[in-house]
Every structure is written in structure tokens, then in C-alpha cells.
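# Tertiary structure, described
What follows is the residue order along each chain.
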Amino acid sequence: MAGRHRKPAPRSLRRAGGALLGLAAVVTIPATASADSGSAAPGPLLTGLIPTGATAVAGPPAVRGPETAVVVLGYGLLPDGSMRPELVHRLQAGYVQALLAPASPVVVTGGNPQQGITEAAAMADWLVAHGIAPARVHIESEAGSTLQNAEFTARILRDIGVRDAVVVTSADHIARARSVFDEAGIVVIAGLTPEQLPALVRQFGP
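Note that the structure is a prediction, hence the values are computed from the model and not measured.

## Focus: the confidence of the model for the protein chain
For the protein chain, per-residue confidence averages 77 on the pLDDT scale, and 65% of positions sit at 70 or higher. Long-range and interchain partners of residues 1-9, a stretch whose pLDDT sits below 50, account for 21 contacts in this model, where long-range means more than four residues apart. The model gives residues 11-63 a pLDDT under 50, and that stretch makes 94 contacts with residues more than four places away or in other chains.

Pasting the structure below:
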């Protein structure tokens, strides 16, 4: 994948940039004062930018970044190997988080191949085609269940020195995902679902 030409993000999604601030990278906004960092709690404006249901992070932004991964969970492909709308929606949410946390590695996880294409491979291709650097994208293409998503992703995160993650999946799946990722030893600092995207992204995103 590293040798593929990267296409710029669609103009329509770039135009939505102002709306993306509503997500304001849960991995980069300090939430409370830290005894060892001296960081202060955010004002009302920053507090309002943290997505509903997300867990904000204590400490200065520098504490997060390369040590916090964006993990996007797969969703069954169509018989022809193309992605279902639900998976595209998950990718849109993960894409926004990746843009807002540019130092974070991105892990796509999911096997269940159709026409020789795994969920993770299709997801990685989509992210790279929309401008995410191939070097940031780590592919876990063996998992066939949420439990395996967590177990196999945990191995990747340990190998690349990541200590926690923002887990991206559907709203009706986020509780289950957070539970199994916690059990696998991954500290889930926030869950992110497509419903938390600004309406402008849902309307005009790819």
C-alpha cells in the first residue's frame, strides 16, 4: 500500500472542515487539571466541543497522539466485496478522528473476506484514497468477531507501542466493543459513532 498514489480528500469533505471541529479530537482536549501537568480544565467552549458520550482525556495534548490509536471496527462486506453503507459511515467517523489527531496511528480490523477482499483491506483502501498516509494505517484482517477484533488489535497496539485507543463503531455496538476491548487490555479512552458526526459530514462526506 505504501507505493500507491494518494488522492486528496474530496472537495465536499474538505468544505465540511468547519463542522468537523464539533468532534475536536477527543484525544487532544484536556478535560481536567492534572497534578503533574499543571493543565487547567477547559472553558465552556472546549467542553461543548467534546462529543456526547465521549470520555475526555486529562493532561496536556502532548500526552496523547502517537500513543493513542484510532481503531475502526469492520462490518460485513457485500457479496461483491464492496462496503455496506454502515461500514462507510464508520470510516467517515474514523476519518474525522484521524484528521483531528494526526499523530495517532489508525487500525482497521475485520476479516470475513468477500471476493478475496477483507473488511480491513477495503477499509484501509478507503482511508488511503481519502488522504490518510499509508504508513499510519495498520491492517488487522483476521478477526471474525468483536472478540477477535479486540484480541488481534491488542497485539498490533502492543507491537507499535500504543497504550490506549479511541474505538469507532456503530451506536448499537459501541457498548459491546468497549467491553471486549477493555477485557483485551486496551484502555478505551473514548467511543465514537457515526451519529456523533456533524450533519454536514453525513450529508456531503464520501
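So much for the structure itself; the text now carries on.
## Quick notes on the nonpolar core
Core analysis: the largest hydrophobic core is formed by 28 residues, its most contacted members being V72, M83, L91, V108, W126 and L127. Listed by contribution, the elements that provide at least two residues to this core are strand 1 (68-73), helix 4 (85-100), strand 2 (106-109), helix 5 (119-129), strand 4 (164-168) and strand 5 (187-192). In this structure, A154, V162, A177 and A184 belong to the second largest nonpolar core, which totals 17 residues.

## A word on the packing of aromatic side chains
For any two aromatic rings, the description comes down to two numbers: the centre-to-centre distance and the angle of the planes. This model, assessed by the stated rule, comprises one aromatic pair. An angle of 90° between the planes, with centres 5.8 Å apart, marks the rings of Y95 and W126 as edge-to-face. You can see Y95 sitting in helix 4 and its partner W126 sitting in helix 5, a full 31 residues away along the chain. Among the residues examined, Y95 registers a relative accessible area of 3% and is labelled buried.

## As for helix 6 (residues 146-159)
The first and last C-alpha atoms of helix 6 sit 20 Å apart over 14 residues, in line with the 20 Å expected at 1.5 Å per residue. Turning to helix 6, its buried residues are T146, N149, A150, F152, T153, A154, I156 and L157. On its buried face, helix 6 is in contact with strand 1, strand 2, strand 3 (137-140), strand 4 and helix 7 (174-183). Just past helix 6, the residue G161 takes up positive phi, approximately 75°.

## Brief notes about the packing of helix 6 against helix 7
Between helix 6 and helix 7, the shortest axis-to-axis distance is 9 Å and the interhelical angle comes to 40°. Overall, the two elements helix 6 and helix 7 adopt an arrangement that is oblique. Two packed elements cross with a definite hand, and for helix 6 against helix 7 that hand is right-handed. Of helix 7, the residues touching helix 6 (which contributes T146, N149, A150 and T153) are R176, A177, V180 and F181. Each residue belonging to the contact of helix 6 with helix 7 can be placed in one class, and the counts come to four nonpolar, three polar and one charged.

## Examining the pairing of strand 5
The element strand 5 is largely enclosed, with a buried count of five among its six residues. After leaving strand 4, the chain enters helix 7 and then returns to the sheet as strand 5, a path that is right-handed.

## A few points about the pattern of salt bridges
Scanning the entire structure with this criterion turns up two salt bridges. E67 serves as the salt-bridge partner of R163, at 3.4 Å between the closest nitrogen and oxygen. You can see R163 sitting in the loop between helix 6 and strand 4 and its partner E67 sitting in the loop between helix 3 (44-49) and strand 1, a full 96 residues away along the chain. Of the residues examined, E67 reaches a relative accessible area of 34% and is grouped as partly exposed. Linking D164 and R163 is a salt bridge whose minimum nitrogen-to-oxygen distance equals 3.7 Å. Residue D164 is classed as buried on the basis of its relative accessible area of 3%. Residue R163 is classed as partly exposed on the basis of its relative accessible area of 40%.

Quick notes on the rules
- Residues numbered from 1 in each chain as written.
- Predicted model: local features only at pLDDT ≥ 70, side-chain atom pairs only at ≥ 80, totals over all residues.
- Heavy atoms only, no water.
- pLDDT = per-residue confidence, 0-100.
- Contact = heavy atoms within 4.5 Å.
- Core = buried A, V, L, I, M, F, W, Y, C linked by side-chain atoms within 4.5 Å.
- Buried < 20%, exposed > 50% of the residue type's maximum accessible area, 1.4 Å probe, protein only.
- Helix = DSSP H or I, 4+ residues; strand = E, 2+ residues; numbered from the N terminus.
- Phe/Tyr/Trp six-rings, centres within 6.5 Å; stacked < 30°, edge-to-face > 60°.
- Expected span 1.5 Å × (residues − 1).
- Axes fitted to C-alpha atoms, helices over the stretch in contact; angles between N-to-C directions.
- Parallel < 35°, antiparallel > 145°, perpendicular 65-115°, else oblique.
- Left-handed = near helix turned anticlockwise from the far one by under 90°.
- Nonpolar A, V, L, I, M, F, W, Y, C, P; charged D, E, K, R; others polar.
- Right-handed = clockwise from strand over helix to strand, strands pointing away.
- Salt bridge = Lys/Arg side-chain N within 4 Å of Asp/Glu carboxyl O.

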